[in-house]
Amino acid sequence: MKEKIIEKLSEIVGDRLLTDIDERVSYGYDASFGQYMPDYVVQVMSAEEVREIIQLANTYEIPIYPRGASTSLSGGPLPVHAGIVMDFSQWNQYLEIFPDDLLIKASPGVKTGDIHQLAEEHNLMYPPDPSSSSICTIGGNLAENAGGPRGVKYGVTKDFVLGLEVVTAEGEIIRTGGNTVKNVTGYDLTKLLIGSEGTLGIITEATLRLIPKPMDTKTAMVIFDDLYTAGKSISKILTSGVRPSKMEILDQNAINKVEDYARLHLPRTAAAILLVEVDGDPDALTKELNVIQRALLEIEVDNVQIAKTKEEEARLWQVRKLVSPAIVQSGYTKISEDATVPLSKIPDMFRKIDEVKKKYNLNIVVFGHAGDGNLHPTINTNMRDAEEVSKVEDAVEEIFRYAIELGGTLSGEHGIGTMKKPFFPVEVGEAGMLFQKAIKQALDPKNILNPGKIFPEAGEKRLVLKND
Amino acid sequence: MTETLIEKLDYQATFDCVQCGYCLPACPTYLAFKKEKHSPRGRINLVKMAAEGKIGIEDMREGIDLCLGCRACETVCPTNVRYGDILMSAVEVLKDNKKMGIFEKGVRRAAFKVVLKNKQILRLVNKGLYAYQISGVKRLINRRNLLNPMEKYRDLNKAMPDVRLSRRLKNPPNPFRKSAIQVGFFQGCIMDVFFNRINDLAVKILSRHGMEVTNIPSQACCGALQHHAGEHNQTVELAKKNIEAYEAYDFDYIVNTIGGCGATLKEYPKLFKEGTEWHRRAVNFTAKIRDISEMMAIVDLNFQYEVSKNAIFQPSCHLENVQQVFEDPLKIIKSIPGLNYIELKDKALCCGSAGIYNILHFEESMQILDMKMKNVKVARPELIITSNPGCHIQMQLGVEREGLSDEISVKHIVEVVAEACGI
Ligand SMILES: Cc1cc2nc3c(=O)[nH]c(=O)nc-3n(C[C@H](O)[C@H](O)[C@H](O)COP(=O)(O)OP(=O)(O)OC[C@H]3O[C@@H](n4cnc5c(N)ncnc54)[C@H](O)[C@@H]3O)c2cc1C
Ligand code: SF4
Ligand code: SF4
C-alpha cells in the first residue's frame, strides 16, 4: 500500500516527494511543542498538484497536513496522525502587484516580508505584520489569521484579503471573493477560510488589499510606576481621539531583561513601559502625540518621552524587538501565550499573571500588543524537568481560563491548533463547537484536511506540552 | 534513549532552539537545497532526534555533512542557540560511527594531518613546487581527475592562487619591551603557503603604523580544519601548543589575517573545561586575538594612492558570525581613497568555500557559489575584496566560472590597503 502511494505521489510531484526518515522527521515540528513523523512529504508547486494529491488522499483516506514555514505557535502544521505533509514553503514564485488596483496576488509560499517589500516599492503598504514576517508564509498567515503590532489601527490578515483560490477537500479548485473591496455574491467564504487553520480547504493563491503607505511615523515611550495605571492608560489613549498605529507594552521583568541584554538606558524601576507609534502626515504627528500626552495627564501620567530623531525612534522599537531574545535563558524553553482580553480588563490580566507567577514560582515575562488587549505572557521553563513542565501546564491553563472569564479569548493570533484545543469548548460552548464541527463535517466529510486540530478529542481536557 | 549519545551529542543545547525558523533565510544550504533538513532548525532537530534514539546516527549524516559551518544561523538566532557546538558534537559522533570513504579520508589526511600540521614539511613542499602541486589536497584532486575524467575539479584548481615561495617572515622576536603596541603575528598554515604575501603585507602595514610586530617560530596550525572534521584531540593538542607559544611573550595583541583561523583561536576556551587551568590560559590567550581588520580599524591608515575601482566586499563567515567583526572591514574599505564601495546583495551569505567543503562537496558548493555569483553579477564590480583565503579561492573560482576573469579581480583586504598605502 505504501509503495503504491509513493509511486502515485511521485507521479504527481516527481522528486519533490520526500520519504527518507531524515526528511520526514524534519517536517514533524513547528514553533510550538511536539514532534511527529509524517509518512510522506510533498513540496507542491501548483493548484493542479494539490488537487491531484487531495483526490489521492480522499481515495485512500490519508490525512493531509498543510505546512508553510512551520512558525506556528499552536501546533497548526503538526502531522499528528502521520499521513502527508504538504509543504508550501518552496511555492513562492508568483508575486504580482497591481498598483493601480491597490492589490497584490501571491502564491501560498510567498513570505509575508516579501509582500511588505514589494508593496513598499510602490509606496503602498500591506499592514498585517506578524513579528515572524521575514520567515512565515502568506498561506500560513491566512490559515492562522495572523496579526501584529499594526493590528491596533489597521486590523489583522482577514481585513486585507479580497479573494482566495482554494482546493476543497473533495479536490475541486474554487475561487472565493474577487478583486474588489465590495463583494456580496453569496456567503463570505473568504472569511470562513481565513483562520480555519488548514482544516476546511487548501489555499493556493491569495488576492490581498493594499493601502497607501503612511508618510511618516513618530513614537513615544510612556513610563509607568504601577501596572494598574499602565493598563488604564491604554483605554485612555485609544479614546483620546487619536488612533495609534502601534501600541506595545513591556512589564518590569521584560524591561530589565532587555536592559541586561542590550543596555539601551531603559528605566529599570518602571513597572511598565508603553511604546506608542502614530503614523500619517508628518505635520499632524506631533499634534497627535500632544493629544495623547494631554489625555494621559488627566490620569496623572506625565512621564512621556518622545523620540526626537529617527535613530531614537528606531532604538525604541529595537527595545520591543529585543524582548524575545532577551528573555531567553540558556537551557530553558520559552513558552509564549497569547490570551487576549477586552481593553478595560488589561490591568486585571496583569494582576492575574502576577498572581500565577508567584503561586507556581515561575519565571514569567509579560509584553504584547497592548492596543488590542493581546498580551504575550512568556514562561521560561526547563523542558527536561517533568515536574516543572506540569507546573507550567497548570499555570497556562489558569491564564487561559481567566482570559475567558474576563470575556476574552484563548488566542488573539496564534491559533488553536493542538495546543489550545482542550479549552476550545470552554470558550465557545458545547453548541458553538457543534456548529463549527458541522461546518467541518460538511466541507470535509472524510476528515482529511489537518485532522486532530481545533476540536478536542473525547476526554481531552488538559493542556499538554509534551507528546512523549 | 541512549545515555551515551545524549552525552556525546550536545543534546542540552538543542533545547535552546525554539524552532522559530528565524535562521532559515540566513542559511545558504537551506536556500540552495530547499529542504528543511538542510536548515539550521532541521539540523538541530536531527541531532535531538538522534540523541533521543528516534532516528539513527547515520540518519543525521547527510544533513550534517552538507552544513557549511558558516554559522550565519548563530548571528540571526534570537535565542542564541550554540549551533556551532551542536554541529561539532554531531560531526564527532558521525566520525566515530563510520569510517570515511577513501576519497574523503585522503583529502582530510592530506589537508591537515600531513601537510597542514607540520610547518616544516609545509615549507619543504612549498619550495620549488608550482601552485598546482603544493598541497596534498591539490595533488589528490588532480589524481582523482586522472582516474575519473570528470571536469568538475578543474575549475577549482584554476582558481587556486599562484603560490609564492614561503619564507620565514622577518621580524624576529624582540627581547626588549618597547612602548609601541606589541603585536604577535599568527601566520596560519594555509595562509603560509598560499598567501604569505598577504601576511608580509599585513606585517608591513602594522609596522608602518607604529606597531612592533613579532612572528614567533613556535606557533602551530590553529586547528580549524581538524576541529571541523571532529578531530577533537588533535585540536586540543594544537591549541595548547599555541597558547604556550604566545604566553612566552608579552604581546598586546595576537593578529592574524584569516577569518577562519581567528575564529578558531577565539574559541579556544571552548575546548577546555571551565574552571581548569587550561581554560583560564585559553581565555587570556583569546582576549588578545584580533583580526587584521580590527587592527587596521584602530589606526589612522596613511593612504597615499587612490584605488579607483568599483568594489564589493565578501565578508568571511567566521569573521562575522564567530568573531563578531562586522563593521571594521567595511569602515576600512569605505575609507580607501578613490574606491567606490558597492553593497553586495546578501553579502553575509557564505560563498560555499567553508574550509574544505568545496572539495568534499563540490557540486553542492557550486550551487551555493552560483547563488552568490548571481548577486555579484548584479553588482558588476571590478574588484572583489575578501578577508579569508578560502573565500578568496572560491570567489576567484566564481569569477572563472562566469568567465569574468578579465573584468573582475579578487583581492584580500590587506592587499588593497597595502596598495593604497603604497606598501
Ligand atoms: C518568533 C515568532 C513570532 C511570531 N509572531 C507572530 C505575530 O506577531 N503575530 C501572529 O499572528 N503570529 C505570530 N507568530 C506565529 C506564526 O508566525 C503565524 O501563525 C504564521 O501565520 C504562521 O505561518 P507559517 O507560514 O509558518 O505557517 P505554518 O506554521 O506552517 O502553518 C500554520 C497553519 O496554517 C496552515 N497552512 C499553511 N499553509 C496553508 C495553505 N496554503 N493552505 C491552508 N492551510 C495552510 C497549517 O496547516 C497550519 O495550521 C510568530 C511565530 C514565531 C515563531
Ligand atoms: S533561529 Fe535559533 S531558535 Fe530559531 S529555529 Fe533557528 S536555531 Fe532554532
Ligand atoms: S552553519 Fe551555515 S550552513 Fe550550517 S546550518 Fe548554520 S547557516 Fe546553515
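The residue numbering used here restarts from 1 in each chain and proceeds along that chain's sequence as written. All chains are assigned letters beginning at A, and all ligands numbers beginning at 1, according to the order in which they are written. Local features are withheld for residues below a pLDDT of 70 in this predicted model, meaning they are given only at 70 or higher, and side-chain atom pairs are given and counted only at 80 or more; totals for whole chains, interfaces and linings count all residues. For the side-chain quantities, the full set of heavy atoms in the structure was used; hydrogens and water were omitted.

Draft legend 1. Just the site of ligand 2, in detail. All names here are of chain B. Surrounding ligand 2, one finds 13 residues, the nearest of these being Cys-17, Cys-20, Gly-21, Cys-23 and Cys-77. More than half of the atoms of ligand 2 fall within 2 Å of the grid points belonging to the second largest cavity. Counted by class, the shell around ligand 2 contains nine nonpolar, three polar and one charged residues. Only heavy atoms are used to decide nearness, and a residue is near a molecule or strand if one of them lies within 4 Å of it. Cavity and pocket criteria rest on a 1 Å grid covering protein atoms alone: a 1.4 Å probe that fits but cannot get out defines a cavity, protein on both sides within 12 Å along at least 5 of 7 lines defines an open pocket, and an atom within 4 Å of a point defines a lining residue. Placement in a cavity or pocket follows one criterion, namely that more than half of the molecule's atoms lie within 2 Å of its grid points. Gly is put with the polar residues, along with every residue not named as nonpolar or charged; the nonpolar set is Ala, Val, Leu, Ile, Met, Phe, Trp, Tyr, Cys and Pro, and the charged set is Asp, Glu, Lys and Arg.

Draft legend 2. Structural detail: the pairing of strand 3 (residues 253–256) of chain B. Residue and element names in this part refer to chain B. In the sheet, strand 1 (residues 182–185) pairs with strand 3 via three bridges, with the strands oriented parallel. By the bridge assignment, Phe-185 is partnered in strand 3 with Val-255. We treat two strands as partners when DSSP finds at least two bridges between them. Segments assigned H or I by DSSP are reported as helices when at least four residues long, segments assigned E as strands when at least two residues long, and all are numbered from the N terminus. Judged from the three bridges that link them, strand 3 and strand 4 (residues 289–291) form a sheet pairing that is parallel. Note on strand 4: the bridge partner recorded for Asn-256 is Asp-291.

Draft legend 3. Representation of the packing of aromatic side chains within the structure. Stacked, edge-to-face and tilted labels apply to pairs of Phe, Tyr and Trp rings (six-membered ring for Trp) whose centres lie within 6.5 Å, assigned for plane angles under 30 degrees, over 60, and everything in between, in that order. If you walk through the whole model with that rule in mind, you get 11 aromatic pairs over all chains. When the ring of A:Tyr126 is compared with that of A:Phe160, the centres are 6.3 Å apart and the planes differ by 80 degrees; the resulting orientation is edge-to-face. Taken together, the positions of A:Tyr126 in the loop between strand 7 (124–125) and helix 5 (138–144) and A:Phe160 in the loop between helix 6 (151–154) and strand 8 (161–167) put the pair 34 residues apart, joining distant regions of the chain. Of the two residues, A:Tyr126 and A:Phe160, both sit in the buried class. Ring centres of B:Tyr268 and B:Phe285 lie 5.5 Å apart, and the angle between their planes is 15 degrees; on these two criteria the pair is classed as stacked. Of this pair, B:Tyr268 sits in the loop between helix 16 (259–266) and helix 17 (277–287) while B:Phe285 sits in helix 17; the two residues are 17 residues apart in sequence, bridging distant segments of the chain. The pair formed by B:Tyr268 and B:Phe285 is uniform in burial state, with each residue classed as buried. Grouped by ring-pair contacts, the aromatic residues B:Phe186, B:Tyr246, B:Tyr249, B:Phe251, B:Tyr268 and B:Phe285 constitute a single cluster. Any Lys NZ or Arg CZ found within 6 Å of a ring centre and within 35 degrees of that ring's normal is scored as a charge over the ring. A cation over a ring is seen here: A:Lys246 above A:Trp317, with NZ or CZ 4.7 Å from the ring centre. One residue, B:Lys48, lies across the ring of B:Phe15, its end atom 4.3 Å from the ring centre. A 1.4 Å probe rolled over the protein chains alone gives each residue an accessible area, and that area as a share of the maximum for its type sets the label: buried under 20%, exposed over 50%, partly exposed in between.

Draft legend 4. View of the site of ligand 1. Lining the immediate environment of ligand 1, one finds 35 residues, of which A:Pro66, A:Gly68, A:Thr71, A:Ser132 and A:Thr137 sit closest. More than one chain approaches ligand 1, the contributing ones being chains A and B. Two N or O atoms form a polar contact when they lie within 3.5 Å of each other; inside protein one atom must be a possible hydrogen donor and the other a possible acceptor, and for residues adjacent in sequence the pair counts only when both atoms belong to side chains. At a separation of 2.8 Å, an oxygen atom of ligand 1 approaches a polar backbone atom of A:Ser70. Contacts to ligand 1 include A:Ser132, whose side-chain N or O atom sits 2.6 Å from an oxygen atom. The set of elements that each furnish at least two residues to the shell around ligand 1 consists of strand 3 (64–67), helix 5 and strand 10 (202–209) of chain A. Looking at which element gives the most residues to the shell around ligand 1, the answer is helix 5 of chain A, with five residues. For the shell around ligand 1, a count of residues per class yields 15 nonpolar, 16 polar and four charged.

Draft legend 5. How the structure looks around the domain arrangement of chain A. All names here are of chain A. Splitting chain A by domain gives domain 1 (1–213), domain 2 (216–326) and domain 3 (328–417). Where a domain begins and ends is set by an automatic assignment or by a domain database. Here the C-alpha centroids of domain 2 and domain 3 sit 22 Å apart. For this analysis, residues touch if any pair of their heavy atoms sits within 4.5 Å. Facing 21 residues of domain 2, the contacting portion of domain 3 comprises 20 residues. For any pair of parts, buried area is found by adding up, for both, the accessible area (1.4 Å probe) each one loses once the two are put together. Of the roughly 1600 Å² buried between domain 2 and domain 3, counting both surfaces, carbon and sulfur atoms make up 59%. Here, a salt bridge means any Lys or Arg side-chain nitrogen found within 4 Å of an Asp or Glu carboxyl oxygen. Between the two partners, domain 2 and domain 3, sit zero salt bridges. On the surface where domain 2 and domain 3 come into contact, there are six residue pairs in polar contact (both at pLDDT 80 or more). For the side of domain 2 that touches domain 3, the secondary-structure elements that each account for two or more residues are helix 8 (227–238), strand 13 (246–251), helix 9 (252–262) and helix 11 (310–326). For the side of domain 2 that touches domain 3, the element with the most residues is helix 8, which contributes seven residues. For the side of domain 2 that touches domain 3, the per-class residue count stands at 12 nonpolar, four polar and five charged.

Draft legend 6. How the structure looks around the domain arrangement of chain B. All names here are of chain B. For chain B, the assigned domains are domain 1 (3–97) and domain 2 (310–421). Each of domain 1 and domain 2 was reduced to a C-alpha centroid, and the two centroids are 26 Å apart. Counting residues at the interface gives 16 residues for domain 1 and 16 residues for domain 2. Buried area between domain 1 and domain 2, summed over both chains or domains, comes out near 1300 Å², and the portion from carbon and sulfur atoms is 68%. At the boundary of domain 1 and domain 2, one finds zero salt bridges.

Draft legend 7. Quick peek at empty space enclosed by the protein. Residues and elements named next belong to chain B. Grid points are joined across faces, edges and corners, and a volume is the space filled by probe spheres set on the points. Within the structure shown, the criterion is met by five cavities of 30 Å³ or more. Taken as a whole, the second largest cavity holds about 110 Å³ of empty space. Every residue lining the second largest cavity is counted, 16 residues in all, and those nearest its centre are Cys-17, Cys-23, Ile-44, Cys-77 and Val-81. Of all elements in the fold, only helix 4 (40–51) and helix 6 (72–76) reach the threshold of two or more residues within the lining of the second largest cavity.

Draft legend 8. The arrangement of a nonpolar patch on the surface in detail. A residue counts toward a patch only above 30% relative accessible area and without a salt bridge, and it is joined to like-charged neighbours within 9 Å or, for Val, Leu, Ile, Met, Phe, Trp and Tyr, to nonpolar neighbours within 5 Å. Throughout, the Shrake-Rupley method with a 1.4 Å probe supplies accessible areas, and for residues the shown protein chains are the sole cover considered. A contiguous nonpolar patch, built from A:Tyr187, A:Leu189, A:Leu192 and A:Leu443 and spanning about 410 Å² of accessible area, is present on the exposed surface. Checked against the element boundaries, A:Leu443 lands in helix 14 (residues 424–443).

Draft legend 9. Representation of the nonpolar core in the model. Among buried residues, the Ala, Val, Leu, Ile, Met, Phe, Trp, Tyr and Cys ones that are joined through side-chain atoms within 4.5 Å form a nonpolar core. Ranked by internal contacts, the top residues of the largest apolar core, which has 90 residues, are A:Ile249, A:Leu274, A:Met349, A:Leu465, B:Leu9 and B:Met60. When residues in this core are grouped by element, the largest group, nine residues, is from helix 13 (residues 386–405) of chain A. Setting aside chain neighbours within four positions, we find B:Leu9 in contact with B:Val47, B:Ala50, B:Ala51, B:Met60, B:Ser89, B:Ala90 and B:Val93. With 34 residues, the next largest nonpolar core counts B:Leu201, B:Met211, B:Val307 and B:Val414 among its residues.

Draft legend 10. How the structure looks around the pattern of salt bridges. Inspection of every chain in the model, using the stated rule, returns 54 salt bridges over all chains. The residue A:Arg320 makes a salt bridge to A:Glu248 at a minimum N-O spacing of 2.6 Å. Taken as a pair, A:Arg320 in helix 11 and A:Glu248 in strand 13 lie far apart in primary sequence, 72 residues in all. As far as the burial class goes, A:Arg320 and A:Glu248 line up, both buried. The partner of B:Lys54 in a salt bridge is B:Glu52, and the shortest N-O contact between them spans 2.9 Å. When salt bridges that share partners are traced, they join B:Asp10, B:Arg71, B:Glu74, B:Arg82, B:Asp85, B:Glu267 and B:Lys270 into one network.

Draft legend 11. Here's a closer look at the sheet that holds strand 17 (residues 363–369) of chain A. All names here are of chain A. Across the sheet, seven strands lie side by side as 15-12-14-13-17-18-16; this open sheet has antiparallel pairing. Each end of this open sheet is capped by a strand with a single partner; those strands are strand 15 (304–306) and strand 16 (333–336). Averaged over neighbouring strand pairs, the angle between their axes works out to 20 degrees when direction is ignored. Two elements, strand 17 and strand 18 (residues 374–381), share seven bridges in a ladder whose sense is antiparallel. Opposite Val-366, over in strand 18, you have Pro-377 as the bridge partner. Relative to strand 12 (residues 216–224), helix 11 is tilted by about 60 degrees, and along the sheet it contacts strand 12, strand 13, strand 14 (272–280), strand 15, strand 16, strand 17 and strand 18. Packed on one face of the sheet, helix 12 (residues 346–360) meets strand 13, strand 17 and strand 18 and runs near 160 degrees to strand 17. For helices, the fitted line uses only the C-alpha atoms of the stretch in contact; every axis is such a line through C-alpha atoms, and the angle between N-to-C directions lies from 0 to 180 degrees.

Draft legend 12. Structural detail: the sheet that holds strand 6 (residues 340–341) of chain B. All names here are of chain B. A sheet is described by the order of its strands in space; here four strands give the open sequence 6-5-7-8, paired in parallel fashion. Two strands bound the open sheet, and with one partner strand each, they are strand 6 and strand 8 (409–412). In this structure, strand 7 (residues 383–386) lies alongside strand 8, joined through four bridges in parallel fashion. By the bridge assignment, Thr-386 is partnered in strand 8 with His-412.

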